[in-house]
Amino acid sequence: MPSASSADTIRVLVSTDNHVGYNERDAIRGDDSWKTFHEIMCLAKDRDVDMVLLAGDLFHENKPSRKSMYQVMRSLRMNCYGEKPCELEMLSDASEQFSGSFNHVNYEDPDINVSIPVFSIHGNHDDPSGEGHLAALDILQMSGLLNYYGRTPESDNVQVKPVLLQKGQTKLALFGLSNVRDERIFRTFRDGNVKFFRPQTTQDEWFNVLSVHQNHHAYTDTGYLPENFLPDFLDLVIWGHEHECKIDPITNPEKGFKVMQPGSSVATSLVEGEAVPKHVAILSITGQDFTTETVRLKTVRPFVCKEVVMGNDRDMKRVAVQSTDNQPAINRYCTDLINQLIAQANQEWLDIQDPHSDDDEPPEVPLPLIRLRVDYTAPEGGNFNIDQAHRFSGRFQGQVANTSDVIQYHRRKTAAARKSKHAIEMPEETSTRELDALHVGRLVREYLTAQTLTILPQNRLGDAVIQFVDKDDKHSMQDTIEESLALQVAGLLGGEEDNDFDEDNVADEMERIRAQLESRFQAGAKTKGAKRRSNRKPRPDDWDSDLEGSWEDNPASVVRDDPSSEEIPDDDDDEDAQSTTSRPTTARGRGRGRGGRAAATSGTTRQSTAATKKAPARAAAKKPAARGKRKPASSEEEEEEGEPEDDEDNDHDVIMLDDDDDDEQEDSRNSPGLFMSQASVVPTRKAPARKAPAAKPAAKPAAKKNAAASAAAARQTQLSFSQSPATGRAAAGKANGSARAASAAPAPKRGRTVFEEEDIDDDDDAFEPVVSTGRNGRR
C-alpha cells in the first residue's frame, strides 16, 4: 500500500462507462462487466484514494437486473465502507445537489461510516425514467453507497451547480452534466440556456473539474457537444460516453483546459476503439496543479482486432485470378490469421498479470475476443468465393469468446449507382402493355432464373408461387419451403455418416441436393404433363386463357382412357353429337355446372346423375357420370328399341334447378319433390336394389317390360318428371331419327315436353338439356 496522501492533495480515481450488466446472459462473457468494476473499486481501496469519480453509464440498462444491482452494491460496500475517516470537507449546500430524503453526502451521514465516497452522474444507459423520474443511481444514493449529482431536470434550461470540496489548502469544484440528447444539448448551448455557477469568493483558488457524458466527435452536424461550447474557466474535463481509451489529458488549444477520456472498462462492441487497452486514472490534485497516474485493468477480457485486404496479398491475388472455387484457400488464409490473433491476445493478457512464483500455478487465460475484418474486393478478372461469416466463426468454438462473429467480410463500394435493397432484377425490360399480357408463371420463372438460389429448388418454388397466385393456395409456399428444407437436412445428415466428412464441402453438398430435387421435380412434372396432353381435348378456338384460365387446368378438357369411368374418350364425341342433332331441345333454367355450362346429353343414351344418387344399388351396374361430362350409350340396340326402360333413363336425366319453382310444394303430393323427409329417403335407396342392371342388350322385350315395371314402382320416391310410354317412345324415336316415332307423338312446342294428365302439370322444373357441342363444360 502506498504512503498516506499529503494533507493538501486530493486523490481521485476516475472511471467511466462501466456498463455493469452488459451481455450478462452470455455463458462466457456474462460476468465480465461486474468483475472489472469490482477490480476498479478494489484499486480505489488499495491505492487509498480520497474519492471515486464516475462519469456515467455505471449500469448498462436504466432498469438493471437484480444480479447487476447486487454485484455493484456488494463492491461498493466492500471497498467504500470502513473505519478510515474521509478527509474531504463539504463546502456547498448539499440540498441543491442531492435531492431526496437525505440532503447530504453519504460520508457525513452519522449512521454509516464511508471512507471512500463515490460521486457519479448518469449516462444515456442508466438515465432516469418511469414514474418519479428515478434512476438506478437514486437507489444507490438512498442506500448510502453513492452520491448522485449533476441532474438535468430541464433539458432546455440547464443549470450546472458545483459540489465544493476542500482538503487542506486544495479546493475542488466538482461540476456535473449528466447525459442529455445530443441534438438538444447542442441547441441548448447554442441558444445560451446553459448556465454554470461559480463560488462568489476566491474563484481563482478552485480547481474546476467537469464530468460530462455526451458524444465527443461530430458524428452529425448537431449530434455532439463541441468542446468550444464549454466555459474556459474549467481546468479538467472528464469525458464519458466514448469507449476508446484516451487516458492521457489533451489540452484544448482554444479554451486552455485539458480533456481526459478514460473510455469504457468492458468492450461492448467489437471495433478498433474497444481494442485499445483499458485503463483508469488516479488524479493527484494539489492547489491548481494535478498529475495523472494511469492503471491498466487486468481483469478485462483480451481483445484483438485486425483488418486485412486480400487483394493486396500476393498469394491471395493469384488464387482469385487462377481459381474460381477458391473458398478452401480463403478459409485456410483466414484461419491462420485468426490463430495468430488468438496467440497474440493470450500473450498480452499474460504479460500484464502479476508475476507469480514457480510453485504457483499459472493463471488461466480467459477466452479472448477476436475480430478479423476482411476486405474481399477481388482484383480485376478474379473472384473471392467467401464462406458464411457465422459458419466460419463456429470453427473456433472453445478458442474464442465470440464464436458467432469472429470474422467480418466487407467490400469496397463501387462507383455504380446504388440499387434498392429490395429491387427486383428483371431479366429484360418489359413495357406496361406487355406486362399486362404476361402470365404469372412466366414472370416467376424469369425472376427466379435471374436469382441465385442455394437451398430451395427453383422449379418447385416457382410452382408454389403459381399455385399461390392462380389457385389461391395459401399454404403452398410454406409447404414447399418446409419440405425442401427437410430434404436438405436429411441429405446433409445422411452424408455425414462418414467420420471423414469435410465441412468445407457442405455448400457443394447442398448445391448437389438442390439440383437433385430440381431434377426429380422436373421429371415428375414431365411425366404428369405427358399423360395429361395425351388425354386432353383440343382447345376451342374462342377460348380466352386470360379470362377463363388455362385450358389444361379446366376440368372440361380432361378425357379419361377408361370408357367405364366418369369421363369418356374424345372419339365418342362425334357419335354422341350425331345422335342428338335431330332432337328438339328444351333449355329452361340456368346451368350451374362447375366447369361452365350445364352438361347437355341425350336422354335415351345415358342415366342421369340424379338417378345415380337416388339409387346407389344400381351404381354397381352403371357408374355415375362425371359432372359436366356425357356418358356413352350402353348399347346400340337400346337406342333402336325405344322401350319403356329407355323412358326411365330419359326421366332420370340431369335436372338443373331453376328459380321458377313456386309450385313445387303444391305438386309434391302427386310427384316426389326434391327435398324429402328422412322416412321417404330410406326406402328409396333400397327399392332399386331389386332391379336388374339397366345396361343389358335388348334381346328379350319381356324382361325389359318387367324391369320397366319395377323401375316405375321405384320411381314413386325419386325426383322424376315422367312421361307416358307413348311420349317416351316418341322421344326415343326423335333421338334415333325415326320418322315413325315422330308421327306417333305430338311435337313439343318451343322446347316444352308434353305430359299426360296423370303426370306433373308444371314443366318449370324439368327441361331437356341443350344439344351437346364440342365446348362441353364451359360457359
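Residues numbered from 1 in each chain as written. Predicted model: local features only at pLDDT ≥ 70, side-chain atom pairs only at ≥ 80, totals over all residues. Heavy atoms only, no water.

Student: Even after reading the chapter, I still don't get the packing of aromatic side chains, so can you show me in this structure?
Tutor: For any pair of aromatic rings, the description rests on two quantities: the centre-to-centre distance and the angle between the ring planes. If you walk through the whole model with that rule in mind, you get ten aromatic pairs. Here Y376 and Y409 contribute two aromatic rings whose centre-to-centre distance is 6.0 Å and whose plane-to-plane angle is 90°, an arrangement assigned as edge-to-face. Of the two residues, Y376 sits in the loop between β17 (369-375) and α7 (389-393) while Y409 sits in strand β18 (residues 407-410), which places them 33 residues apart along the sequence. Of the two residues examined, Y376 and Y409, each falls in the buried class. Each residue in the set F186, F189, Y224 and F229 is aromatic and connected to the rest through ring pairs, giving one cluster. One Lys or Arg, K161, reaches over the ring of F197 and ends 5.1 Å from the middle of that ring. Note that R198 overlies the ring of F233, its terminal NZ or CZ placed 4.3 Å from the centroid. (Phe/Tyr/Trp six-rings, centres within 6.5 Å; stacked < 30°, edge-to-face > 60°. Helix = DSSP H or I, 4+ residues; strand = E, 2+ residues; numbered from the N terminus. Buried < 20%, exposed > 50% of the residue type's maximum accessible area, 1.4 Å probe, protein only. Lys NZ or Arg CZ within 6 Å of the ring centre and 35° of its normal.)

Student: Would you take a moment to explain the sheet that holds β18 for this structure?
Tutor: Sheet strands line up and pair through hydrogen bonds in the backbone, either parallel or antiparallel. Read across the sheet, three strands follow the order β16-β17-β18 without closing on themselves; strand pairing throughout is parallel. Lying at the two open borders of the sheet, with one neighbouring strand each, are β16 (303-309) and β18. On average, each strand axis in the sheet is tilted by 15° relative to the strand beside it, whichever way the strands run. Inspection of the sheet shows β17 paired to β18 by four bridges, in the parallel sense. (Pairing = 2+ DSSP bridges. Axes fitted to C-alpha atoms, helices over the stretch in contact; angles between N-to-C directions.)

Student: Is there a simple way to explain the pairing of strand β10 (residues 206-213) in this structure?
Tutor: When a strand is regular, its side chains alternate between the sheet's two faces. The element β10 is extensively covered by neighbouring structure, given that eight of its eight residues are classed as buried. In β10, alternate side chains face the same way, and those of W206, N208, L210 and V212 on one face and F207, V209, S211 and H213 on the other are all buried. As paired strands, strand β8 (residues 170-177) and β10 are joined by seven bridges and run parallel to one another. Bridge assignment links L172 to a residue of β10, and that residue is F207. Relative to strand β11 (residues 236-240), β10 is paired through five bridges, and the arrangement is parallel. Within β11, the residue paired with V212 across the bridge is W239.

Student: Explain unusual backbone geometry to me, please; I cannot follow it from the model alone.
Tutor: Across residues other than glycine, the phi torsion is negative in most instances, and most of the peptide bonds are trans. Positive phi, normally seen in glycine, also occurs at H19, with a value near 50°. Mapped onto the secondary structure, H19 falls in the loop between β1 (9-15) and α1 (32-46). Despite not being glycine, H241 has its phi angle at roughly 85°, a positive value. Tracing the backbone through its elements, the reader meets H241 in the loop between β11 and β12 (246-251).

Student: Quick question: what am I supposed to make of the confidence of the model for the protein here?
Tutor: Detailed reading of the predicted coordinates is not advisable wherever pLDDT falls low. Chain-level statistics for the protein give a pLDDT mean of 73 and a share of 62% at 70 or above. At the low end of the mean pLDDT range in the protein sits helix α15 (residues 609-614), at 41; at the high end sits β1, at 96. Every residue in residues 562-655 is under pLDDT 50, and counting partners more than four places away or in other chains gives 209 contacts. Considering only residues more than four positions removed or in separate chains, one finds that residues 657-705, a stretch of pLDDT under 50, has 70 contacts. (pLDDT = per-residue confidence, 0-100. Contact = heavy atoms within 4.5 Å.)

Student: Any chance you could explain the pattern of salt bridges here in plain terms?
Tutor: Pairing between side chains of opposite charge can happen when the charged atoms of each approach one another. Under the definition given, this model contains 20 salt bridges. Residue D375 is joined to R412 by a salt bridge in which the shortest nitrogen-to-oxygen separation is 3.2 Å. Remark: R412 occurs in the loop between β18 and α8 (432-437) and D375 occurs in strand β17; sequence separation between them is 37 residues. R512 is the partner of E509 in a salt bridge, and the nearest nitrogen-oxygen pair spans 2.5 Å. Here E509 pairs with R512, and both are found in helix α12 (residues 506-534), just three residues apart, close to one helical turn. The exposure class of R512 is partly exposed, given its relative accessible area of 44%. (Salt bridge = Lys/Arg side-chain N within 4 Å of Asp/Glu carboxyl O.)

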